[in-house]
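A look at the structure
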Amino acid sequence: MTNCVLCREELKPEEGQLIWRGDDCRVILVNDSDLPGFCRVIWNHHIAEMTDLTHGEREHLMALVFVVEEAIRNVMDPDKINIATLGNMVPHIHWHVIPRYKDDAFFPGSAWSQKIQQVPVANLEVRKKLAQELPRTIKSAIAALY
C-alpha cells in the first residue's frame, strides 16, 4: 500500500522521533503538544489485524507495547495510561500508548475527542521535559527484554 503513512521508513520531524527499530516493529515518540509522552508501537509490515500475525509475532509486539507502557508510567507518572489499536484510518497494525492526566485537554474523554479544558502551561512544560527521558528509558528496557 503505497499511500500508507505507517509504511514510510522516514519520519517527518513534525510527526515525532524514532526511539527504537527492530526487524518487525518500531517505537515512535509522537510529536503531540497536548499529550507529551504519547508513543506508538508500529508493526513494520503492512498487516491490518492482530490475528494476521503468528502467535510469536503477537507476543513480540505486545511485549514491546508493555515495555513502552511501563516506561511511560515510570517516567511520566500519569494518572492513567490509554492503550489503543484502532486502525480505522490506516489499516496497519499500530498501538497508541498515551499518558493521561486528569488535567489534560481531553480528560476524561479519549485522546481523539474534543478538547474540554485548558492544561496549565507549567504542567505541559514539566511533561514535555519528562518526555525527553522516554527514548533512553525505552531503549534500555527493550535492550533488557532481548
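The preceding data block contains the structure.
Computed from a predicted structure; not experimentally measured.

**Observations regarding the pattern of salt bridges**
- Inspection of the entire model under this criterion finds five salt bridges.
- Across the pair Arg127 and Asp103 runs a salt bridge, and its minimum N-O distance is 2.8 Å. In this pair, Arg127 sits in helix H2 (residues 121-131) while Asp103 sits in the loop between strand S5 (94-100) and H2, placing the two residues 24 residues apart along the sequence.

**Comments concerning unusual backbone geometry**
- With an omega of 10 degrees, the peptide bond between Phe107 and Pro108 qualifies as cis.
- With respect to the element layout, Pro108 can be found in the loop between S5 and H2.
- Its identity is not glycine, yet Asp77 carries a phi of approximately 50 degrees, on the positive side.
- Looking at the secondary structure, you find Asp77 in the loop between helix H1 (55-76) and strand S4 (80-84).
- A residue is classified by how much of its surface remains accessible, and Asp77, at 60% relative accessible area, is exposed.

**Here we look at the packing of aromatic side chains**
- Tallied over the entire structure, the rule returns zero aromatic pairs.
- Over the face of the ring belonging to Tyr101 we find Arg127, whose NZ or CZ atom lies 3.7 Å from the ring centre.

**Structural notes on H2**
- Among the residues making up H2, those that are buried are Leu124, Arg127 and Ala131. When H2 is viewed along its axis, its buried side chains cluster within an angular range of 65 degrees and face the same direction. What points out from H2, more than 90 degrees from its buried face, is the exposed set Ala122 and Lys129.
- Residues of H2 that are buried make contact with strand S2 (25-30), H1 and helix H3 (134-145).

Conventions used here
Counting from 1, residues in each chain are numbered in the order their sequence is written. Per-residue local features of the predicted model are confined to residues with pLDDT of at least 70, and side-chain atom pairs are confined, for both listing and counting, to 80 or more; whole-chain, interface and lining totals are unaffected and use all residues. Where side-chain values are given, they derive from all heavy atoms of the structure, hydrogens and water being excluded. Any carboxyl oxygen of Asp or Glu within 4 Å of a side-chain nitrogen of Lys or Arg constitutes a salt bridge here. Put simply, DSSP H or I for four residues or longer makes a helix, DSSP E for two residues or longer makes a strand, and each gets a number counted from the N terminus. Residue exposure (1.4 Å probe, protein chains only): buried if accessible area is under 20% of the type maximum, exposed if over 50%, otherwise partly exposed. Ring pairs shown here join Phe, Tyr and Trp side chains whose ring centres sit within 6.5 Å, with only the six-membered ring taken for Trp; geometry is labelled stacked below 30 degrees between planes, edge-to-face above 60, and tilted in between. As a reminder, the over-ring test applies to NZ of lysine and CZ of arginine, requiring each to be within 6 Å of the ring centre and within 35 degrees of the ring normal. It is the directions from the helix axis to the C-beta atoms whose arc is reported. Note on definitions: a residue-residue contact is assigned when non-hydrogen atoms from the two residues lie within 4.5 Å.

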